[in-house]
Amino acid sequence: MRIEVERSIQQSADEASRAIRSLLAERRIYALNFISSPGSGKTTLIEALLDRFEGKGGVAVVEGDIETDIDAERIRKHGVQVRQINTRSSCHIQPSQLLGALREMDLSGTRLLIVENVGNLVCPAEVPLGEDARVVLLSVTEGDEKPLKYPLVFKTSRLLVITKTDLLPYVKFDVGKVRRAARIANPAVEIFEVSAVSGAGLPALLDRVEALRSAKGG
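How each quantity is defined
Residues numbered from 1 in each chain as written. Predicted model: local features only at pLDDT ≥ 70, side-chain atom pairs only at ≥ 80, totals over all residues. Heavy atoms only, no water. Helix = DSSP H or I, 4+ residues; strand = E, 2+ residues; numbered from the N terminus. Rg over C-alpha atoms; globule rule 2.2 N^0.38 Å. Buried < 20%, exposed > 50% of the residue type's maximum accessible area, 1.4 Å probe, protein only. Contact = heavy atoms within 4.5 Å. Lys, Arg positive; Asp, Glu negative; His and termini not counted. Charge placed at Lys NZ, Arg CZ, Asp CG, Glu CD. Axes fitted to C-alpha atoms, helices over the stretch in contact; angles between N-to-C directions. Parallel < 35°, antiparallel > 145°, perpendicular 65-115°, else oblique. Nonpolar A, V, L, I, M, F, W, Y, C, P; charged D, E, K, R; others polar. Arc of directions from axis to C-beta. Polar contact = N/O pair within 3.5 Å; in protein donor to acceptor, adjacent residues only side chain to side chain.

Concerning the overall build of the chain
Counting its regular elements, the chain contains nine helices and seven strands. Taken over C-alpha atoms, the radius of gyration comes to 17 Å for the chain, in line with the 17 Å a tight globule of 218 residues would show. Principal axes of the C-alpha set define a box for the chain whose edges measure 50 × 45 × 35 Å. For the chain, the proportion of its 218 residues judged to be buried stands at 51%. Partitioning the intrachain contacts of the chain with sequence separation of at least 6 by distance along the chain shows that 70% fall at a separation of at least 24. Within the chain, one finds 30 positive and 29 negative side-chain charges whose respective centroids are separated by 3 Å.

Here it is as structure tokens:
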């Protein structure tokens, strides 16, 4: 019975992911799924990118947290459409939750969807949300062993963003070690080093996101 229940749950998740993928394809929306440990700077990075995006009306954000809408309120101040998903006891956004949120949103004119998943490097890596690409964030304050300890999220992410690089002079963090380990997990991963505080590296990341979006949306 337990096997059958788990199989049914997985089938439901897969169906919701396919429905999300179809919805996004129909509207030619490019979707990024941001994954990281808590405190890696996902919301701050999204805010920094939004400050630099031209035509913010084409960007929508879905915020995932166990409780509160603190991050959604931060994003809302930047003038973009945002929806909050509170997962309560779940360590990641469920595909059905994201599908429900998207169906409640006005996606007309939206060209880029950013999903900020719950802070966790394990559960979100195991659950596809129908996104076009995953973005894994790793802050220099976390330690440089993360790609070795949590290889799946690095293996399945298109972009790796090393954040808080303005703090490199003050922490023990080997960027070269992270790059090597990440490329062992995923030789094709694209790596960016950024600081949302100083702005370093943000133009290159923004250009890449726009190129990916344009390739899908035309």
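Re the side chain of histidine 92
Looking at the element boundaries, histidine 92 is found in the loop between strand 3 (81–86) and helix 4 (95–104). Take histidine 92: its relative accessible area is 9%, and that puts it in the buried class.

Some remarks on the packing of helix 2 (residues 42–52) against helix 9 (residues 202–217)
The N-to-C vectors of helix 2 and helix 9 enclose an angle of 75 degrees; their axes lie 11 Å apart at closest approach. Between helix 2 and helix 9, the crossing angle belongs to the class labelled roughly perpendicular. In contact with Leu45, Ala48, Leu49 and Arg52 of helix 2, helix 9 contributes Leu202, Leu205 and Leu206. Classifying every residue of the contact of helix 2 with helix 9 gives six nonpolar, no polar and one charged.

Observations regarding helix 8 (residues 175–185)
Where helix 8 is concerned, the buried positions are Val175, Val178, Ala181, Ala182 and Ala185. The buried residues of helix 8 occupy an angular sector of 130 degrees when the element is viewed end-on, so they sit on one face. Looking at helix 8, the residues exposed on the side facing more than 90 degrees away from the buried face are Arg180 and Ile184. Looking at the buried side of helix 8, the elements it contacts are strand 5 (133–139), helix 6 (146–149), helix 7 (151–155), strand 6 (159–163) and strand 7 (190–193). Its side-chain oxygen at 3.0 Å from the backbone nitrogen of glycine 176, aspartate 174 defines the N-terminal cap of helix 8.

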